[in-house]
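A closer look at the structure
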Amino acid sequence: MYKKYITIGRFHPGYITTLLVIILLHISMASFAQKGITLDEKKSPLIKIFKKISAQTGIDFLVTNNMLTDAYPVTIKVTNAQLPDVLIRVFKGQPLTYIIRKDAVVVQRKQAPPATTTTPLSQPLPRKEVKGKVVNESGQPMPGVSITFQDTGIQAITDANGNFVIQEIPEDGFLVFSYIGYAKQTVAVNNVSEFMITLVAEVSKLKGVTIVSTGYQNIDKARATGSFAKPDMEVFKSRTGTMDIASRLEGLVPGLAIKKGLNSILDENPNIPNGKTAQKATIRGESSISLSTDPLYVVDGVPITGINQFNPDDIEDITVLKDAAATAIWGARATNGVIVITTKKALKGGRLNISYSGFLNFEGKPDLKYLKTMNSAQYIQTAKEIFNPVQFPYQSLSYGVIAPHEQILYDKYSGKITAAQADRSLDSLASISNLGQIRDLWYQNAMTQNHTLSVSGGSNLYSFYTSAAYTSSRPSAIGQGEKSYRIMFNQEYNPTERLKLTLSTTLGTSAAKQNDSRNVSSTFLPYQLFQNANGDNISMAYLQGLSPAVRSDYEQRSRIGLDYSPLDEINYKQINTSNTHINLAGSVQLKLFKGLSFNGNYGIQESPGNRKDYTDHNNYRLRMNLVGLTVAPAPSSVPVYYLPTDGGTYVESNFEERNWTVRNQLVYSTPLRAGKDQLNLQIGQEAREQFARNSSTTFLGYDQQMMTYFTPTVTNVYIPNTVTGGNFIAGGRNTTFYEIKNRFTSYFALLNYSFNERYNLDGSWRVDHSALFGSDKSAQNKPAWSLGGKWNIKKENFLKAADWLNELSVRATYGITGNSPYAGSGTQWDILTTPYFYNPPLAGNYLGLLPKNDRLSWEATATTNFGIDFSILKSRLGGSIDIYNKNTTDLLGEVNVNPLTGFSRTQGNIGKLSNKGIELSLRSLNIQTKNFSWSSSFNFAYNKNMLVSYSQVDPRANNVYSRLGNSSYLVGYRLQPMFSYAYAGLNAQGNPMIKLANGSINSTPGVETVGDLVYSGTTSPPYSGGLSNMFTYKAFSLGANMIFNLGHVMRADVNQTYTGRITASTSSFDGNLTTDFLNRWKKPGDEKFTNIPSYMPGFDSYFTRNVTYYTNGDINVVSASYAKIRDINLTFKLPDNLLRKLKVKSASFAIQATNFLVWTANKKGIDPEYNDLNAGVRTVPPFRHSYSIRTNITF
Amino acid sequence: MLVLFLISCKKDFLEIVPKGKLVASTLKDYDLLMNNTSFYRLDVSDVTVAMGDELAAEQNYFQNAGPETQKAFAWADVLYTPDREVIYTNNQLLNLYICNKIINEVTTISNGTAEQRAALQAEAIATRAWINFDLINHYGKPYDETTAASDPGFPIIKEANINATNFKRNSVKEVYGQIISDLQAAIVNLPLKGSFVTRMSRPAARGLLGKVYLFMGRYQDALTQFNDAFNDLANVASPPTLYNYNDAFAAGGDFLPIGFSGPDYPGNNYSKNQESILLKTADLSGVSYGLVMAPETMDLYTDSDLRRNFYGNMHSDHTPIPGGLYRKYATYSHVGIELADLLLMRAEARVRTDDLAGARADIELLRSNRMPPADAGVPAGITSKTDLLKFIIDERTREFAGEGQHWLDMRRLSVDPVFSFLTYSHKAYAADGVTVSQTYQLRPVRFTLRLPLAILQANPGMTDNP
């Protein structure tokens, strides 16, 4: 547009302003020139300096000759300095000032100081109202920008939408727009009455938080009173190890804990198997026992049930809301915190932006060597030692699993084979390891790939962002996989200045398949191969628990083979699930009149899907069902089959989920006291509906090709004298229905007030009513509300001079939020239910019953939060500290009720829970040189929770078993408390002993009471956080993100089996024991060397001793603390000159590796993420490390 | 959108009744509650089955039977480890809740006729009596008029309230009093025949009331009830009838063929319930592993007794039971009111009230349906009242062995002067099936079970049985 440097003659000032406005309206995403400037000048004319800067940076200077004549010469020496710093020095003392534009610096005269005296008679200047909007470089509105009319000091602040109005100012003068972290901008008023201002972030690599979103409003972080946190979106985007949105946030937000490992998946509704899962997350500790503790996910202002239907690549921004002031507007769903997600929006700039991003993530196969199970030699040796044909006579095992090694031992015992033969056979088993076959035959290499192509662009009237993505994921279970396609189309219309419409459309479809693959690991018999040397699948009929004699009899009479080969079974079952997600979110913003506007948000989510589950008649279970309903008294008789002998069992389910949200609000926003204050008021109403249904039909003898099926002629009767004895033939209920509908209606109000720019007050109020059937409506009139204040101390006069301090503010908030019980958990009446039964009952239909329980009310959480935000040393070090105290009352939970009532357990408001904690987040730019920079961010959270009281006496408190078992709470303790026995070694019989509270040593079971248990800690980590480091050297950057969880405990994975036969089972592939068992007590005297109890074959074991004295003993409780480098990324960004040649705006390539356990406190090699912390059982990690490559290109 | 806004503001926006749920309001709703399977398919095992002395144990299998079965067979003090719940009793307490709900609510609704409401209420009251009778026979001492007023029984629960506390054990006498008054109140309004055989009827309630009196030693009162019950049955269209085993086991008979799991008879197939006045079945599979019939029990049968067909000398897995021992095929026991039971109880009441001829007629009616008529008569040597009484008790064993009924007889006879000499023991046979490897003696204190631990924990003031 301009030459490199332009000297303008005598321009009319108005013309320049008009030009400026044109430039300002030219919005572009291209980042500010960031080239370093090197100058070494002594008393050089200003024009020479301009030329040099222009030459080095490509920046144009707009300046008139007139101005230059007044300028002073400049002395300056800088090396690789940034433009704003240079300009500050260049213009120091000059009679000129300047404005930085995208690629130009506009030079202006400084205004002469106003005359000290004015003639009262002088003509008053014409006065006018100006208004406008302030946006950032991305085109997002900027609330809270302060606008000062330079001459008079009249001030205004932009509202939530970035709009401002200033009344009664002279036409002649300048407006100064200022905002922390952004370059000040000065604009002449002149004849212009409406401004569109783009503020450019000051050149600083330290990413600070500017705008936070509650889902109801966007607030400038500088004036927000609540506890808001934002993750580093660069790290979020780079985490290609997972497509799960919650997992990508791990370690990036203080107080947000992502659960890993066992039971960490937020389950989908089992009735609506639409594949919507997410990693479980908690914000600031668990504030409920029985209700969900997962945060509420909000996308573009609308609550979403299945967050992972969104493509992470489409996410622009995430805000995590933690305290009451931030969350209370979400009312009865706010207690667990809220994660607000904003999707990518249109970029207005008159040209199209096209981007591609893609990755391939490779996880490989499960880490089978992680479990410390016995090898075959150890296993066979152990089996020989404990073989007991007297306790377990062979003839009593006709329906029991007899593993090959046992068969040999029984054969030897009965004399069928000689001892030498038996030893040879056992030795050959002892030399086999099946781990290689398990790895090769049961698992595939897990990998995920994702490709996203996006296009955005538009003008002020219309703009859009659209993306298309393909994701393919393949888990390690053989034969499983999922493919999904997603499209997002976000549009914004601004037909008039008063009206803005947005429409966000997301469409996703996915198809998943799975078969009958099983989780086989080293817990299975270690010698049992799955294929022989010829590659044929090995039969393992013994695993089904029929002796060869019984099996042969069944087979002969039914003429149905009952062989069983696990590998063959894999393909006898196919499950195909397909899902569609349609998500529409629209909004309306209509300016009614001065400061008052109407905002509407509307969302509809529709997720239809179906699941086709086909089990072939070759499947063992179906064959066995058929045999059980076949009448054939003798092998010679013609079998009569009551079930089909071909086809398969086919279950077709169709399900649908449909949710909608309607929110209407009125917003009033106005400056007060001549712009010194700002008031923002909102009131609104919201209605929601959640609907889900499923119908599922079962067909027997279904032929997939011909689509025919079998209609049983005989149903619902007992068929005597079948091959297996006698059986009931089902039938009746072929189709099942499930339907659930919930409705909610809410009213809310919001207030924000800023006083003198430095004192801010936020308030919110909301009441929720839901269609909780059978509950008392008056119990729902519990409003959620909050109040918060913030003092921006840095803006006080006494700190204005403190240059080292860039920001300092303190916050304090208090509020009540809720957590509502599941529908129907508390009722005013007994609720009659439709029971599920497979066979129609003998006496016909009936109704089940849920007992009346009218003593339930909602959980309420009162949260107090204090926070400090600061930033020092030119914003190179910044951070926040938050201290909170959350008290939850009327805690819902499952309580034991008096069994004489007819029920053992029910929901109750069992008491009070407190969560206290402190959170710290720090960001720093440690080193910054021309080619190298190092920045860090660290966050840390400490949470202490405590169950304060119960309203009912809990018998659990008196029961040793429930306290040791899965008791997740106890008065006076942290949640997830772990109790154990004070272990006192083994007695002379090899039975474990404990120390009782009275100091005596006991080995007799049943003697102990709860008072004899010792508290060992909690299984939920009190300390958690993350540390991220980013190193940049020229075009390369290296990032490492570490997470840590500290201070919790777990049970070590000791052997649990000390009784019964050591063999395989029909239900799952197990049978092996941990190597601990090798070191068990075997003979008197061993108690001096080992703590591991003896083996005792019979059930006497349960009454003569208690092996849980050992397994639940305090010696087996270890620290579960650990730190992991979750991911390491190496990124290469193509340099600018190359990009220009390629005509590409930006391009980067990255590689990533994940999951490096850097430290654990336990010495047993347990990765706490893959250990059942309470039960002390290791699980097989799905992979050891994952590796991915990623590329991002923008055209 | 405006439309949506308006919808959401409508008053009934929140008034939705979820699918699959309702609040009882009609007679039909209450009626369907009484159809609950928990009332008639007690799918959980009652360990007292293992306590009858007609049983013995076969060590090979029994040593690996469930711990509770082993402990019950040994008449141990503690049957359950603390982590185990007594599901059988919990199920009865749930049934009690449903009964109390119906009793207290059904007459307040306006749906149906007053007669229908009264009949349903009567059914719930009579069912409550049946539950209480079952509970007191587990947790209260056998009824002894001299001590019943001070013997601790079981709490009488007449309220359906999940938040109720402050339960106390009523005396055995109070509980029996409640059972009697409930049955008396119910009989007036009960229908002659229930809507299904699992539902209470007037003859069933009279049979139960007679049984209660019999257990209390009030034989004349018992006889009145039994006679009334038979009179009621005579007026019922298609009344319960006995299977004639001579036909059922003849070629093409109802109980044939006899497969690996035994005949197709009521003990295996609850569709075959023509002998039931009130059908209630309990699962035996959980308590029968390793249990066999004591040889003395098998000796009670004559060779021609067709009830022998209910026993086999193979384990459930078709392996032979050593030593020629037998086990019962039955997978269900019948714990309601059966026609055979009613006949034998009336026979007993008739003997007790000196009507020996009448008693003989009842016995022979049953026996002629169980074996060839030629062998069905009461043996000639049995003439005295006491001998006939003993014969009836033996006949009860022959009819109900292995199904838990005998344990109830053992309990009540322990306070009957006629049988006070009886002592009981259990034998476990070693792997050869002949050698007795272990003998257990029943101590009288164990006629009464200890209370479930969960009940004691929830009611701290409650004393357990010794």
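Predicted model only: the values in this text are computed from it and were never measured. (Residues numbered from 1 in each chain as written. Chains lettered and ligands numbered in written order. Predicted model: local features only at pLDDT ≥ 70, side-chain atom pairs only at ≥ 80, totals over all residues. Heavy atoms only, no water.)

Turning our eyes to something else, we now look at the overall build of chain B. Of the regular secondary structure elements, chain B holds 17 helices and 12 strands. Over its C-alpha atoms chain B spans a radius of gyration of 24 Å, differing by no more than 12% from the 23 Å that the globule rule assigns to 466 residues. In terms of its C-alpha atoms, chain B occupies a principal-axis envelope of roughly 90 × 50 × 50 Å. In chain B, which comprises 466 residues, the share counted as buried stands at 59%. Taking all contacts inside chain B whose residues are at least 6 apart in sequence as the whole, residues at least 24 apart take part in 71%. Of the roughly 17200 Å² of accessible surface on chain B, 54% is carried by carbon and sulfur atoms. For chain B, the centre of its 44 positive side-chain charges and the centre of its 53 negative side-chain charges are spaced 5 Å apart. (Helix = DSSP H or I, 4+ residues; strand = E, 2+ residues; numbered from the N terminus. Rg over C-alpha atoms; globule rule 2.2 N^0.38 Å. Buried < 20%, exposed > 50% of the residue type's maximum accessible area, 1.4 Å probe, protein only. Contact = heavy atoms within 4.5 Å. Areas by Shrake-Rupley, 256 points an atom, 1.4 Å probe, with all protein chains shown as cover. Lys, Arg positive; Asp, Glu negative; His and termini not counted. Charge placed at Lys NZ, Arg CZ, Asp CG, Glu CD.)

Turning next to the overall build of chain A. From N to C terminus, chain A includes 19 helices and 62 strands. Of all intrachain contacts in chain A linking residues separated by at least 6 positions in sequence, the fraction that spans at least 24 positions is 71%. Split by element, the accessible area of chain A, about 49800 Å² in all, is 56% carbon and sulfur.

Grouped together as the largest cluster of nonpolar side chains are 132 residues, with contacts concentrated most on Ile102, Phe154, Tyr176, Leu183, Met200 and Val212 of chain B. The element contributing the most residues to this core is helix H7 (residues 114-139) of chain B, with 12 residues. Among the nonpolar cores identified, the runner-up in size contains 60 residues, and Met374, Phe524, Phe530 and Val1107 of chain A belong to it. (Core = buried A, V, L, I, M, F, W, Y, C linked by side-chain atoms within 4.5 Å.)

All right, on to the sheet that holds strand S51 (residues 992-995) of chain A then. Residue and element names in this part refer to chain A. Judged by pairing direction, the sheet is antiparallel, and its 3 strands sit side by side in the order S50-S51-S52 without closing on themselves. Both outer strands of the open sheet, strand S50 (983-986) and strand S52 (1001-1002), are each paired with one neighbouring strand and no more. In this structure, S50 lies alongside S51, joined through 2 bridges in antiparallel fashion. The residue of S51 that forms the bridge with Leu986 is Pro992. (Pairing = 2+ DSSP bridges.)

Residue and element names in this part refer to chain A. Applying the stated criterion across every chain, the model contains 59 aromatic pairs over all chains. Relative to Tyr1095, the ring of Phe1077 has its centre 6.2 Å away and its plane inclined at 85 degrees; by these criteria the two rings are edge-to-face. With Phe1077 in the loop between strand S56 (1049-1051) and helix H17 (1101-1104) and Tyr1095 in the loop between S56 and H17, this residue pair connects regions lying 18 residues apart in the sequence. Residues Phe1077 and Tyr1095 agree in their burial class; the two are buried. (Phe/Tyr/Trp six-rings, centres within 6.5 Å; stacked < 30°, edge-to-face > 60°.)

Glancing now at a nonpolar patch on the surface. Judged by side-chain polarity, Leu360, Phe1031, Phe1036, Leu1038, Leu1130, Ile1151 and Ile1189 of chain A come together as a nonpolar surface patch covering roughly 570 Å² of accessible area. Inspection of the secondary structure assignment puts Phe1036 of chain A in strand S55 (residues 1036-1046). (Patch = residues over 30% accessible without salt bridge, like charges linked within 9 Å, V, L, I, M, F, W, Y side chains within 5 Å. Salt bridge = Lys/Arg side-chain N within 4 Å of Asp/Glu carboxyl O.)

Next up on the list: the pairing of strand S59 (residues 1146-1160) of chain A. The side chains of a regular strand alternate, residue by residue, between the two faces of the sheet. Residue and element names in this part refer to chain A. Taken together, the 11 bridges between strand S58 (residues 1122-1133) and S59 define a ladder with antiparallel strand orientation. From the neighbouring strand, Asn1129 faces S59, where its bridge partner is Gln1152. Bridge analysis of S59 against strand S62 (residues 1187-1194) gives 8 bridges, and the strand direction is antiparallel. When the bridges of S62 are listed, Ala1150 appears paired with Arg1190.

Our focus in this paragraph is the interface of chain B and chain A. Taken together, the contact pairs 79 residues of chain B with 77 residues of chain A. Note on chain B versus chain A: buried area summed over both sides is about 6800 Å², and carbon and sulfur give 63% of it. It is Leu14, Ile16 and Ile162 of chain B in chain B that bury the most area against chain A; as a group they hold 11% of the surface buried on that side. Our count for the chain B to chain A interface comes out at 1 salt bridge. In this structure, Lys101 of chain B and Asp830 of chain A form a salt bridge, with 2.9 Å as the shortest nitrogen-oxygen distance. In this structure, the connection of chain B to chain A is made through 9 residue pairs in polar contact (both at pLDDT 80 or more). Elements with a contribution of two residues or more to the side of chain B that touches chain A: helix H1 (2-9), strand S1 (21-23), helix H2 (27-33), helix H3 (37-40), helix H4 (59-62), helix H5 (67-73), helix H6 (87-105) and helix H17 (453-458) of chain B. When residues of the side of chain B that touches chain A are assigned to their parent elements, the largest contribution, 7 residues, is made by H6 of chain B. In the side of chain B that touches chain A, the residues fall into 41 nonpolar, 26 polar and 12 charged. (Buried area = accessible area lost by both parts, 1.4 Å probe. Polar contact = N/O pair within 3.5 Å; in protein donor to acceptor, adjacent residues only side chain to side chain. Nonpolar A, V, L, I, M, F, W, Y, C, P; charged D, E, K, R; others polar.)

Along the chain, Leu256 of chain B connects to Pro257 of chain B via a cis peptide bond; the corresponding omega equals -5 degrees. Within the fold, Pro257 of chain B resides in the loop between helix H11 (245-248) and strand S4 (276-278). Of note, the phi angle at Asn1155 of chain A is positive, near 65 degrees, even though the residue is not glycine. Asn1155 of chain A gets classed as buried once you look at its relative accessible area, which sits at 9%.

So, about the pairing of S58 of chain A. Here 10 bridges tie S55 of chain A to S58 of chain A, and the two strands are oriented antiparallel to one another. Looking across to S58 of chain A, one finds that Leu1038 of chain A is bridged to Leu1130 of chain A.

Looking now at the pattern of salt bridges. Evaluated as defined, the whole model comprises 70 salt bridges over all chains. The partner of Glu385 of chain A in a salt bridge is Arg1080 of chain A, and the shortest N-O contact between them spans 2.7 Å. On the criterion of sequence distance, the pair formed by Glu385 of chain A in helix H8 (residues 376-386) and Arg1080 of chain A in the loop between S56 and H17 is long-range, its members being 695 residues apart. On the basis of relative accessible area, Arg1080 of chain A is assigned to the buried category, the value being 7%. Ionic pairing is found between Asp416 of chain B and Arg352 of chain B, a salt bridge with its closest N-O pair at 2.6 Å. One end of the pair, Asp416 of chain B, is in the loop between helix H16 (405-413) and strand S11 (425-429); the other, Arg352 of chain B, is in helix H13 (residues 339-352), with 64 residues separating them in the sequence. For the pair formed by Asp416 of chain B and Arg352 of chain B, the shared burial category is buried. When salt bridges that share partners are traced, they join Lys211, Asp341, Glu348, Arg352, Arg396, Asp409, Arg412 and Asp416 of chain B into one network.

Residues and elements named next belong to chain A. In space, the 5 strands of this open sheet follow the order S16-S23-S24-S21-S22, with mixed pairing throughout. Two strands in the sheet have a free side with no partner beyond their single neighbour: strand S16 (228-229) and strand S22 (302-303). With 2 bridges connecting them, strand S21 (residues 296-299) and S22 associate as antiparallel partners. Across the sheet, the residue bridging to Val299 is Val302, located in S22.

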